[in-house]
Amino acid sequence: MYGAVAAPAAGSEIVTGLSATSAWQALASHHVQMGGVDLRALFANDPERGTRFTSEAAGLYLDYSKNRVDAQTMGLLAALARACRLRERVDAMFNGDAVNTTERRAALHTALRAPSGQSLWVDGVDVVADVHMVLDRMTAFSDQIRRGLWLGHTGQPIRNVINIGIGGSDLGPAMAYTALRHYSQRDLNFAFVANVDGAALAEATRCLDAGKTLFIICSKSFHTPETMANAQAARSWCIAQLGDAAAVARHFIAVSANIEAACAFGIAPEQTFPLWDWVGGRYSMASAIGLSTMIAIGADQFRDMLAGMHAMDEHFRQTPVENNMPALMGLLAVWNNNFLGAQTQAVLPYAQDLSRFPAYLQQLTMESNGKHVTHKSVPVGVQTSPIVWGVPGTNGQHSFYQLLHQGTRLVPCDFIGFGRGVPSIAGEEVHDHRQNDLLMANLFAQAEALAFGRTADGLRVEGVEEAFVPYRVCEGNRPSNTVMAHRLTPYTLGALVVLYEHSVFTQAVIWDIDCFDQWGVELGKVLAEGIAAELAVADLDVDESAPLHDSSTNALLRRYRHLRREDK
Ligand code: F6P
């Protein structure tokens, strides 16, 4: 059962590099010493635990007391962070050093939320000044859309905004819109199209009047095939409805680091918003990639989101590791992953509006830290990124929580909840505390149940028939964090996003990996390009006499061509 899962992963991994360091070995020995210590004992021995193992920053409260750690564990994790030079690596990132070593560039997403007036010079350019110039352009543009002053080709104000992009050019904007839709201007409709499956764009444009529709083509490279295919299809749809190719000028905006390609697509330079090569896709929601967010919630609220991000940046930059919320979360993730052997991490927001947050975190975490070699090009030697997944509570309780409570795998959980829900259906100003109370009661209950479970003795006292006791036992001792804030505001969302960004960075520093590249996605892209070219040749049959691929791929291609023909 659960105890078996908790074998120290460190023992099963190559003891070299990181795992051979004294800081790592100290944690490995400590883990063995802790042995069977469980959360019941840890709480029983320390009545203050629930308030001591906590941290506060940028309007967020983190309770990490329900992790299988004691004061010594936390001290050893802090020592590991120091041994891995976390402080120096944080400074290097904030200062604009080329921390993205495999692409030889800076990762300066923190500059996207630096207040105006600050400066940061990189290669002779004040990047903060550049950021604020673009923010001001975004403000002017989004104001025009919101006030109905930006007119489409047929002289009508824009009422529908469709963001076309994928990965970081979609997940951040889509997540932020969903999270903050309560703040959005309700006479504007928003849709986010990512998938190259034509169904996505078809559904988003169904019943829309092209004359009132604006497409924001978000692509750092302006080269991503899915986005380019959707952008072309959107252009055809727009021209077909409005009967004039010149309509593109009033209905298409581009956000890209490749302005040349955007212009070649037919978007006027003044309708393009720049990105910089020092902004990674998954770290870009505070840049012009967030234009749809700004149009939805307005420039003031967008700047509040930036303020929340900046507050968490400053906390991360300045706070000693022992009380540094993102660093603590990152170190606990390392502990759960590398020492307790957890392979996945559930993110469970008790807020419907955070329904896209787990998907956003999947890219942030797994594209960043799903790496196998260190900055020194040698194998990491220990497990890297956990698999991140989750859906909002309480929905998940009625599907997969059974496994969390009684399954054989260890799944650390992050619970996220708020003191107040968004105003209820009863009316804009009427808050129904009862529904939020019920929601939060479930959050607290789940974290409590995971930690403390239900013992066989307790069940017997309750009079449960002996034969059924084993089925009803919940072992407990399952770790979780709880993050709470007053409300899901733009400021809070900004702080929450950056909490996870820097937790991911902390983990990457411990493993000494580049969390800003993504070479692993290249191979599939190259192969897909080749196969798409093969499929474009109408009658070419892929048979055994001309094997272009392995026998499985060849057979699948033959089957696909056959299925495609049947459709005619
Ligand atoms: O597929 C990987 C990726 O490069 C992501 O890192 C990125 O967010 C996404 O594709 C989209 O890239 P772009 O913004 O250049 O279209």
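Rules and cut-offs
- Residues numbered from 1 in each chain as written.
- Predicted model: local features only at pLDDT ≥ 70, side-chain atom pairs only at ≥ 80, totals over all residues.
- Heavy atoms only, no water.
- Salt bridge = Lys/Arg side-chain N within 4 Å of Asp/Glu carboxyl O.
- Buried < 20%, exposed > 50% of the residue type's maximum accessible area, 1.4 Å probe, protein only.
- Helix = DSSP H or I, 4+ residues; strand = E, 2+ residues; numbered from the N terminus.
- Contact = heavy atoms within 4.5 Å.
- Pairing = 2+ DSSP bridges.
- Axes fitted to C-alpha atoms, helices over the stretch in contact; angles between N-to-C directions.

As a further point, take the pattern of salt bridges. Applying the stated criterion across every chain, the model contains 19 salt bridges. Glu-203 is paired through a salt bridge with Arg-206; the nearest N and O atoms lie 3.3 Å apart. Owing to a relative accessible area of 53%, Arg-206 belongs among the exposed residues under this scheme. One salt bridge connects Asp-512 with Lys-376, and the closest N-O pair in it is separated by 2.7 Å. Here the residue Asp-512 occupies a position in the loop between helix H22 (490-511) and helix H23 (522-536), and Lys-376 occupies one in the loop between helix H17 (357-369) and strand S11 (387-389), the gap between them amounting to 136 residues. Classification of Asp-512 as buried rests on a relative accessible area of 14%.

This part takes up the side chain of Thr-506. By the element assignment, Thr-506 lies in helix H22. With relative accessibility at 0%, the residue Thr-506 sits in the buried group. With sequence-adjacent residues up to four places away left out, Thr-506 is seen in contact with Leu-86, Phe-316, Pro-326, Ala-327, Gly-330 and Leu-331.

A few words now on the sheet that holds strand S7 (residues 213-218). With parallel pairing, five strands are arranged side by side in an open sheet as S6-S5-S7-S8-S9. Each end of this open sheet is capped by a strand with a single partner; those strands are strand S6 (189-193) and strand S9 (272-274). Direction aside, neighbouring strands of the sheet carry axes that sit 15° apart on average. Relative to S6, strand S5 (residues 160-164) is paired through five bridges, and the arrangement is parallel. Bridge pairing links Asn-160 to Asn-189 in S6. Here helix H8 (residues 127-146) sits on the sheet and contacts S7, strand S8 (252-256) and S9; the angle it forms with S9, its principal contact strand, is near 150°.

All we've got here are geometric facts, nothing functional implied.
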